[in-house]
Amino acid sequence: MQTEHLNITDIQSQESDLRRAAAILQNGGLVVFPTETVYGLGGNGLDAAAAQKIYAAKGRPSDNPLILHIAKPEDAEHYAITNDTYYRLANAFMPGPLTVILPKRDCVPTATTGGLDTVAIRCPSHPVAHRLMELTECPIAAPSANLSGKPSPTCAAHVAQDMDGRVDMILDGGSSEIGLESTIVKLDGDHLTLLRPGGITYDALCMVCEHVTVADAVTHQLAEGERPLSPGMKYRHYAPNAPVILLKGSDERVLRFLRFAQEEENCAILCYDEELPYLQDRYLFPIGEREDLETQARLLFSALRCADRTDADVVYAHLPPMEGLGLALYNRMIRAAAHTVKNLD
Ligand code: AMP
Ligand code: MG
């Protein structure tokens, strides 16, 4: 398949390009588009055949459900059974990086929901995504636009590495602002379960809802045979070529370990900016300042991709804190590392 690459810098003057992308989606084709979280691999969310094409393009197991993207929060009415709590969340966080899981309506094919009777709904804020959804006039099913097992793409160049020749069109809208996938919550009445942390933090959810629980699988490895609340939790995301090892300990001990490792091993390092002067400039990927979790979120997947393209035997990174946006970083890193943490204290 020939993939068309289009740079979208201005949605108004490029309306005809976006109309062409919408027509591809309406006719059952696949279009990759930018969002504020990561790039999405879109297909018509009401078309079971389009869902199959998405799974095939990603090499993703078809029991791992897709998120339905909508232009405005009220559009959820057509596809899901909403309640007051949904609208409270929508008022606070939509459009934005929040996905809500609700009971689905019959028009949503089970091919899209991985066989589940619930559906994940998100309303992205990125102007290109938003206009594309308005023009398409149907919900867009879109997982992250990476091959299954690779880090989610945060720029069009990363999308092209994985998806060139597998989709009809790639819309380039620059680098993703947040850089980690959306926060996912499951709604049961007025009770929220956090299934995947992201740009909307646990604390922010607690400001809007009284009852918020964090699913065990966010921070812990599932036990053998344990059934996760969200199918995606059981897959090892972002499995890099070289093993990733997370380092836990004081700044001083971690830095000493890294300096030693650079002498002894063929390693890549995801480091804080403050550490740059003290480390050799070989396979070194800075992800921002120590306290700057937003920058770390934005740069993490790109750094993992870069580390993966070296011939390093091992990738070292810091174990992120579990507070605020750190919980989302922690959740992604612990999976990339298959829960391998080296304690240096
Ligand atoms: P991605 O599309 O790569 O951002 O992944 C979407 C995530 O949403 C997957 O990990 C799914 O397991 C989760 N998800 C989507 N729909 C549902 C649902 N109905 N119930 C639980 N989790 C869901
Ligand atoms: Mg994904």
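Computed from a prediction, not measured in an experiment: that's the story for all the values here.

A. Local environment of the state of the cysteines. Tallied over the entire structure, the rule returns zero disulfides. Free of any disulfide, Cys209 has its nearest cysteine sulfur in Cys206, 8.5 Å distant. Classification of Cys209 by relative accessible area gives buried; the value is 3%. With no disulfide of its own, Cys306 lies 8.8 Å from the sulfur of Cys155, the closest cysteine sulfur. The class of Cys306 is partly exposed, set by a relative accessible area of 31%.

B. Representation of the sheet that holds strand E15 (residues 314-318) in the model. With respect to topology, five strands assemble into an open sheet ordered E14-E13-E15-E12-E16, the strand pairing being parallel. Single-partner strands in this sheet number two, and they are strand E14 (284-286) and strand E16 (341-343). Within this sheet the neighbouring strands show an average axis-to-axis angle of 25°, counted without direction. Where helix H9 (residues 293-308) meets the sheet, its contacts fall on strand E12 (244-248), strand E13 (267-271), E14 and E15, and the angle it forms with E13 comes to roughly 170°.

C. Geometry of a negative patch on the surface. Taken together, the side chains of Glu263, Glu264, Glu265, Asp311 and Asp313 make up a negatively charged region of the molecular surface. Within the secondary structure layout, Asp313 lies in the loop between H9 and E15.

D. Fine view of empty space enclosed by the protein. The tally for this structure, following the rule as stated, stands at four cavities of 30 Å³ or more. Here the largest cavity defines a volume of roughly 70 Å³. Along the walls of the largest cavity sit Leu270, Tyr272, Ile287, Gln296, Leu300, Ala317, His318, Leu319, Pro320, Leu329 and Met333, which together make up its complete lining. Listing elements by their share of the lining of the largest cavity, those giving two or more residues are H9, E15 and helix H10 (326-336). Residues that form the lining of the largest cavity fall into these classes: nine nonpolar, two polar and no charged. Roughly 40 Å³ of internal volume is contained in the second largest cavity. Residue lining of the second largest cavity: Gly149, Lys150, Pro151, Tyr238, Ala239, Pro240, Leu304 and Asp308, and that is the complete set. Here the lining of the second largest cavity is composed, by residue class, of five nonpolar, one polar and two charged.

E. Just unusual backbone geometry, in detail. Of the consecutive residues Met94 and Pro95, the connecting peptide bond is found in the cis state with omega at -5°. Phi is positive for Tyr283, close to 50°, though the residue is something other than glycine. Counting through the fold element by element, Tyr283 comes out in the loop between E13 and E14. On the basis of relative accessible area, Tyr283 is assigned to the partly exposed category, the value being 23%. Even without being a glycine, His339 presents a positive backbone phi close to 65°. Within the secondary structure layout, His339 lies in the loop between H10 and E16.

F. Representation of the nonpolar core within the structure. Of all hydrophobic cores here, the largest spans 51 residues; its most connected members are Leu41, Tyr86, Leu89, Val100, Ile121 and Leu205. For Leu89, the contacting residues outside a window of four places in its chain are Met94, Leu98, Val100, Val185, Leu187, Leu192, Leu205, Val208 and Cys209. Val38, Ala242, Val244 and Ala268 belong to the second-largest nonpolar core, a separate cluster that totals 29 residues.

G. Broad picture of the pattern of salt bridges. In this structure the tally under the stated criterion is 13 salt bridges. For Glu15, the salt bridge identified is with Arg19, shortest N-O distance 3.0 Å. With a gap of four residues between them, Glu15 and Arg19 both fall in helix H1 (residues 15-26), about one helical turn apart. Look at Arg19 and you get partly exposed, because its relative accessible area is 48%. A salt bridge links Arg305 to Asp162; its shortest N-O distance comes to 2.9 Å. Here Arg305 is found in helix H9, whereas its partner Asp162 is found in helix H6 (residues 156-163), with 143 residues between them in sequence. Grouping residues by exposure puts Arg305 and Asp162 together as buried. Three or more residues are tied together by salt bridges with common partners; here these are Glu15, Arg19, Arg131 and Glu134.

What counts, and where the lines are drawn
Residues numbered from 1 in each chain as written. Chains lettered and ligands numbered in written order. Predicted model: local features only at pLDDT ≥ 70, side-chain atom pairs only at ≥ 80, totals over all residues. Heavy atoms only, no water. Disulfide = S-S within 2.5 Å. Buried < 20%, exposed > 50% of the residue type's maximum accessible area, 1.4 Å probe, protein only. Pairing = 2+ DSSP bridges. Helix = DSSP H or I, 4+ residues; strand = E, 2+ residues; numbered from the N terminus. Axes fitted to C-alpha atoms, helices over the stretch in contact; angles between N-to-C directions. Contact = heavy atoms within 4.5 Å. Patch = residues over 30% accessible without salt bridge, like charges linked within 9 Å, V, L, I, M, F, W, Y side chains within 5 Å. Areas by Shrake-Rupley, 256 points an atom, 1.4 Å probe, with all protein chains shown as cover. Salt bridge = Lys/Arg side-chain N within 4 Å of Asp/Glu carboxyl O. Lys, Arg positive; Asp, Glu negative; His and termini not counted. Charge placed at Lys NZ, Arg CZ, Asp CG, Glu CD. 1 Å grid on protein atoms, 1.4 Å probe; cavity = no way out; pocket = protein on both sides within 12 Å on 5 of 7 lines; lining within 4 Å. Points joined across faces, edges and corners; volume = space filled by probe spheres on them. Nonpolar A, V, L, I, M, F, W, Y, C, P; charged D, E, K, R; others polar. Core = buried A, V, L, I, M, F, W, Y, C linked by side-chain atoms within 4.5 Å.

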